[in-house]
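Notes for the structure review
Listed here are the chains, written in short residue letters.
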Amino acid sequence: MDVFLQTLVAGVLKGGLYALIGIGMTLIMGVMGIINLAHGQLMMLAMYVTFVLNTMGVDPYFSLFVAMPLLFLLGVGLQKFLLNPLIKADTILPENQVLMTVGIGMALTEIVRFGFTSDYKYITTTYSNETFFLGKISFSMALTIAFGIAIAFTVAMFFFLIKTDLGRSIRATAQDKDAATLMGVNTGRITVITFGLGSALVAAAGCLLAPVYYIFPDLGGPFTAKAFIITILGGLGSTVGAIFGGVTLGLAESMGATYFGMEYEDIIGLTIFVLVLLFLPGGFKRLTKV
Amino acid sequence: MLKVSGIDVFYGDLQVLWDVSFEVRDNEILVLVGANGAGKSTTLKTISGLLKPRKGTIEFGGVRLDELSPDKVIGEGVVHVPEARRLFREMTVEENLIMGSLSPEARKKRAQTMEWVYELFPRMKERRKQAAGTLSGGEQQMAAIGRGLMALPKVLMFDEPSLGLAPILVQDVFEIVKRINKEGVTVLLVEQNVRQTLAMCDRAYVLENGRVVLEGTGKDLMNDAHVKEAYLGI
Ligand SMILES: Nc1ncnc2c1ncn2[C@@H]1O[C@H](COP(=O)(O)OP(=O)(O)OP(=O)(O)O)[C@@H](O)[C@H]1O
Ligand SMILES: [Mg+2]
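Moving on, we come to the coordination of the magnesium ion (ligand 2). Protein coordination of the magnesium ion (ligand 2) is provided by Ser41 of chain B (OG) and Glu83 of chain B (OE), with donor distances spanning 1.9 to 2.5 Å. Note that Ser41 of chain B is positioned in helix α1 (residues 40–47) and Glu83 of chain B in the loop between β6 (78–81) and α3 (93–99), a separation of 42 residues in sequence.

What follows covers the pairing of strand β4 (residues 55–60) of chain B. Two faces belong to every sheet, and in a regular strand the side chains alternate between them. All names here are of chain B. Relative to β4, strand β1 (residues 2–11) runs antiparallel, the two being bridged by 5 bridges. Along β4, the bridge assignment pairs Asp8 with Lys55. In this sheet, strand β5 (residues 63–64) lies alongside β4 in antiparallel orientation, the contact comprising 2 bridges. Across the sheet, residue Phe60 finds its bridge partner in β5, namely Val63.

Moving on, we come to the interface of chain A and chain B. Each partner contributes to the interface: chain A provides 18 residues, whereas chain B provides 20 residues. Here chain A and chain B share an interface that buries about 1900 Å² over both sides, 61% of which is from carbon and sulfur atoms. Where chain A packs against chain B, one counts 5 salt bridges. One salt bridge in this structure joins Glu95 of chain B and Arg171 of chain A, with 2.9 Å as the shortest N-O distance. Across the chain A-chain B interface, the total number found is 6 residue pairs in polar contact (both at pLDDT 80 or more). For the side of chain A that touches chain B, the secondary-structure elements that each account for two or more residues are α6 (165–175) and α7 (177–182) of chain A. The dominant element in the side of chain A that touches chain B, judged by the number of residues it contributes, is α6 of chain A, at 6 residues.

This brings us to the pairing of strand β10 (residues 211–217) of chain B. All names here are of chain B. Inspection of the sheet shows strand β9 (residues 203–208) paired to β10 by 6 bridges, in the antiparallel sense. The residue bridging Glu208 from the neighbouring strand is Arg211, located in β10. What sits between the antiparallel neighbours β9 and β10 is a turn of 2 residues, in which Asn209 has the positive phi angle 50°.

All names here are of chain B. Every one of the 14 residues lining ligand 1 counts as a neighbour, but Asn36, Lys40, Ser41, Thr42 and Glu83 are closest to it. Between ligand 1 and Asn36 there is a distance of 2.8 Å, counted from an oxygen atom to a side-chain nitrogen or oxygen. Take Gln192: an N or O atom from its side chain is 3.0 Å from an oxygen atom of ligand 1. Notes on ligand 1: free accessible area 630 Å², of which the protein chains cover 63%. Mapped by element, the contributors of at least two residues to the shell around ligand 1 are β2 (14–24) and α1. For the shell around ligand 1, a count of residues per class yields 5 nonpolar, 6 polar and 3 charged.

Rules of the game
- For every chain, the first residue of the written sequence is number 1, and numbering continues from 1 along that sequence.
- Each chain is given a letter, starting from A, and each ligand a number, starting from 1, according to the order in which they appear as written.
- In view of the model being predicted, local features appear only for residues whose pLDDT reaches at least 70, and side-chain atom pairs are presented and counted only at 80 or more, with totals across whole chains, interfaces and linings using the full set of residues.
- Values reported for side chains reflect all heavy atoms of the structure, with hydrogen atoms and water molecules removed beforehand.
- Distances up to 2.8 Å from the metal define which N, O and S atoms are donors, and 3.2 Å serves for Na, K and Ca; water is absent from the atom set, so sites may look incomplete.
- Numbering of helices and strands runs from the N terminus, with a helix taken as a DSSP run of H or I at least four residues long and a strand as a DSSP run of E at least two residues long.
- A pair of strands is labelled paired if DSSP reports no fewer than 2 bridges between them.
- Every residue pair with non-hydrogen atoms within 4.5 Å of one another is taken to be in contact.
- In short, buried area is how much 1.4 Å probe accessible area vanishes from two parts on joining, totalled over both.
- We define a salt bridge as a contact between a side-chain nitrogen of Lys or Arg and a carboxyl oxygen of Asp or Glu at a distance within 4 Å.
- Two N or O atoms form a polar contact when they lie within 3.5 Å of each other; inside protein one atom must be a possible hydrogen donor and the other a possible acceptor, and for residues adjacent in sequence the pair counts only when both atoms belong to side chains.
- Nearness is judged by heavy atoms alone; a residue qualifies as near a molecule or strand once a single heavy atom is within 4 Å of it.
- The Shrake-Rupley method, run with a 1.4 Å probe sphere, supplies the accessible areas, and residue values consider only the shown protein chains as cover.
- Nonpolar residues are Ala, Val, Leu, Ile, Met, Phe, Trp, Tyr, Cys and Pro. Charged residues are Asp, Glu, Lys and Arg, and all others, Gly as well, are polar.

Here is the structure:
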């Protein structure tokens, strides 16, 4: 029973971070109708920003304030100068935008490799390996803080999407782009802001993950895959769904690692992914609204 | 006055409007009738800035609308209630109304205008927390009109508001159009429901294959031999 609870806790904590990764991806998916295959690479970049700042003595959690705006600007630039020009040529299929994101992901990986080599880097903080206990269940300090911050960002994101004109315009653009244009929404600007926000959110996940994870250039790919799985689990384009998707993946990986062995962690995630595609093709979106 | 002068409009290489000219006078109800594919929706989309004319101009109150982006056109008070309503289906009725009032001017008066819309459509007030996609066809039309009104229009353009509604509801929708007009809003109404709209309008134009072929008062056109034969089935 204790083992089960311990696994559950570890899974939920990880799930909070996954939700943050997934929401960024799902926003981009909803508004642009494309899967951002550079998502994990953007997170990797944020982890390196965190790493560099850490060598100068900045705490990973404070580097949020640098990495998020930086990645926001990068996202804005990518959308504006690399992705949006592809929409304008109407002979080009939307698939080509996805291919562009693949290219962006590869470029980011190689640029980072050029600057930092493929060596594993890690950030050690006083709390990196610290744990505390509630009853017999141990909680990783870093993951618990990360979970709290991830929840805070998620709530703030919902508030933004539901309560502000800009947030509503983002949702409206995702639902019906032409109708949004008729309401006076500049949908081109909305795509740019959305890519920026998605990048900033995954940057936050990167900063939060940095103290407890190895940092290397190729970690982007696996995280892009995770983001993709979360987004599909949640029902493409659904933000509430992305949270469910994130927590589900976190739990599944954690259960898999405990009951089947560490090496099964990724296989479990992929299995769930396939099962959802087969039996619940709309993902969790059917259960939600936003 | 909204003045459309000699516009040619294309989708890619395909020309669908040919030298279309007409004017909408202040406070009137102007109707644009025509069969499927005549170019009615295209005309409205061009006025609201979704499409750009390759030739010709669109003027409203001394401003060249054809040079403006859609949000600026709304800012000038020319607002488009699109064909098939195009509500944001997963947003509530209230959120849809809010989306109608993004221009700085409309934003300032949002709460006030919403009260007015709810007064006009008490049904919408009851349903304000409901997702727009779950409304009935008639209710969706009201929500779409309400969303248009939220922009504080000087000219409101309706694209086939009677589409897909039962005859009794069609009557209601036209009553609403007249009522909005009485409140001082100029109306440009696009319809295939020729008999009813000619009876209620001040003036009308007939659009065929992307060209204006006839114009006149509603009464004149109802007695026109071509209109009788082609549109009224007499
Ligand atoms: N996006 C588009 N791309 C290419 N051609 C289009 C497009 N939209 C409309 N058309 C063509 O332009 C012509 C005019 O279309 P439009 O929608 O303006 O007609 P309409 O008068 O509104 O018809 P309806 O009564 O059926 O709504 C039609 O021949 C149509 O096929
Ligand atoms: Mg039409």
